[in-house]
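Below are the chains, spelled out letter by letter.
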2 protein chains.
Amino acid sequence: MTEGWERRLRDHGFRITPQRQLVLEAVESLRHGTPEEILVEVQLTASGVNLSTIYRTLEVLEEVGLVTHAHIGHGPPTYHAVDEDTHIHLVCDRCGTVQSVSGTVAQDFVARLEAEYGFRTDISHVSVHGLCVTCKDRAYEAEADDQL
Amino acid sequence: MTEGWERRLRDHGFRITPQRQLVLEAVESLRHGTPEEILVEVQLTASGVNLSTIYRTLEVLEEVGLVTHAHIGHGPPTYHAVDEDTHIHLVCDRCGTVQSVSGTVAQDFVARLEAEYGFRTDISHVSVHGLCVTCKDRAYEAEADDQL
DNA sequence: GCGGGGCTGCGAATCATTCGCAGCAACCAA
DNA sequence: TTGGTTGCTGCGAATGATTCGCAGCCCCGC
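Since we're looking at a predicted model, the values are computed, not measured.

Draft legend 1. Main features of the interface of chain A and chain B. Each partner contributes to the interface: chain A provides 40 residues, whereas chain B provides 40 residues. Linking chain A to chain B there are 4 salt bridges. Residue A:Arg112 pairs with B:Asp108 through a salt bridge whose shortest N-O separation is 4.0 Å. Scanning the region where chain A abuts chain B turns up 10 residue pairs in polar contact (both at pLDDT 80 or more).

Spelled out as structure tokens, the structure:
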């Protein structure tokens, strides 16, 4: 009985290796993870795995549709398993906090982009920048200062 | 008669320098530009300007609200003058093309994020990933192959 | 079980960005 | 206008993330 992930790899002409299994499991258990974080998780089981392998493996897993990545803020990308609930990251450009919200808030927006531009949005990949509630209030004060 | 950009810098305690003027002009004339591209543009006028200065200057200009930046795809960020019409980048993850569309398509989405989460979206900073019309069609074929 | 070619570990290379520092110059005051 | 004080810049090195080249290993079809 071939598991789904094995089939997906094979169907795209890739081999099944322990590293690929471990990386996929790490992504699933972390839910959010940068390559560096995934490396640490993988090394709990297999300490010999190299960071280059993490990068190459994530690329492969993404190509066959088992994981996706999103860019949050300026740092390295974070990877997710595709079966995660799709969500959107609200990134505060001032304090750097990241809030995950359900992808459903963007459904209308996504539909509109498809209708008007034929663009098929990968919603889980979107990250939205701006100011969180807290920092927004502080920004108002700064604007008030500007007026003086 | 002090020009607006000079006033903005002074009001935040920054000095007026030729480099800052040139970088701002370069951003305005390029409309979209990475630090590297801005350097080239600036060096048409002043060849001695250094890339470090471009980075530092962009940071300052952003802090005082004269420019903003957006992350498009995996490469370096691109900078825009703030008086540009706000727009959104639709980035195709397959072919890499970037399409700029009016920010108005996102107004409802932005309003909803503010209403539901108190999040103030910087719309010009959003970049939306997915598949463009052309690549979307090609993706359908690939999915069809998967079914076999 | 065997062989070929994909995969991995390792270290070096690359790319973007940041930092440290010494000299220069913008700006305030007299 | 003339100084003096900082802030700003150029330069080169450091850093951090990601990629590359290559030799050896091991997955997989026969």
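Read on, since the account is not over.
Draft legend 2. How the structure looks around the domain arrangement of chain A. All names here are of chain A. Domains assigned within chain A are domain 1 (1–83) and domain 2 (85–148). When residues of the side of domain 1 that touches domain 2 are assigned to their parent elements, the largest contribution, 3 residues, is made by strand β1 (residues 67–70). Tallied by class, residues from the side of domain 1 that touches domain 2 come to 2 nonpolar, 6 polar and 1 charged.

Draft legend 3. Main features of the pairing of strand β6 (residues 127–131) of chain A. Most of β6(A) is tucked away, with 5 of its 5 residues classed as buried. The two faces of β6(A) match: A:Ser127, A:His129 and A:Leu131 on one face and A:Val128 and A:Gly130 on the other face are all buried.

Draft legend 4. Representation of the environment of B:Glu37 within the structure. Structurally, B:Glu37 can be placed in helix α3 (residues 35–43). Separated by 50 residues in sequence, B:Glu37 and B:His87 place their C-alpha atoms 20 Å apart.

Draft legend 5. Broad picture of the environment of A:Glu114. Structurally, the position occupied by A:Glu114 is in helix α5 (residues 107–117). Setting aside residues up to four positions removed in sequence, A:Glu114 forms contacts with A:Phe119, A:Arg120 and B:Lys136. A distance of 3.4 Å separates a polar atom in the side chain of A:Glu114 from a polar atom in the side chain of A:Arg120.

Draft legend 6. Region of the structure containing the protein's contact with DNA strand D. Near DNA strand D lie 21 residues; those nearest to it are A:Tyr55, B:Arg15, B:Arg20, B:Thr53 and B:Arg56. The sugar-phosphate backbone supplies 65% of the atoms of DNA strand D found within 4 Å of the protein. Measuring from a base nitrogen of DNA strand D, one finds a side-chain N or O atom of A:Ser52 at 3.3 Å. With respect to DNA strand D, the side chain of B:Gln19 contributes an N or O atom lying 2.9 Å from a sugar or linking oxygen.

Draft legend 7. Quick peek at the pairing of strand β6 (residues 127–131) of chain B. Note: strand β5 (residues 120–121) of chain A against β6(B), 2 bridges, orientation antiparallel. Within β6(B), the residue paired with A:Thr121 across the bridge is B:Gly130. Where strand β3 (residues 87–92) of chain B lies against β6(B), 4 bridges are found, and the strand directions are parallel. Bridge pairing in β6(B) links B:Cys92 to B:Gly130.

Draft legend 8. Representation of the protein's contact with DNA strand C. Around DNA strand C sit 21 residues in total, of which A:Arg15, A:Thr53, A:Arg56, B:Ile16 and B:Tyr55 are the nearest. Taken together, the sugar and phosphate atoms account for 61% of what DNA strand C places within 4 Å of the protein. Taken together, the elements giving at least two residues each to the surface near DNA strand C come down to α2 (18–30) and α4 (51–63) of chain A together with α4 (51–63) of chain B.

Thresholds, definitions, all that
Residues numbered from 1 in each chain as written. Chains lettered and ligands numbered in written order. Predicted model: local features only at pLDDT ≥ 70, side-chain atom pairs only at ≥ 80, totals over all residues. Heavy atoms only, no water. Contact = heavy atoms within 4.5 Å. Salt bridge = Lys/Arg side-chain N within 4 Å of Asp/Glu carboxyl O. Polar contact = N/O pair within 3.5 Å; in protein donor to acceptor, adjacent residues only side chain to side chain. Domains from an automatic or database assignment. Helix = DSSP H or I, 4+ residues; strand = E, 2+ residues; numbered from the N terminus. Nonpolar A, V, L, I, M, F, W, Y, C, P; charged D, E, K, R; others polar. Buried < 20%, exposed > 50% of the residue type's maximum accessible area, 1.4 Å probe, protein only. Near = heavy atom within 4 Å. Pairing = 2+ DSSP bridges.

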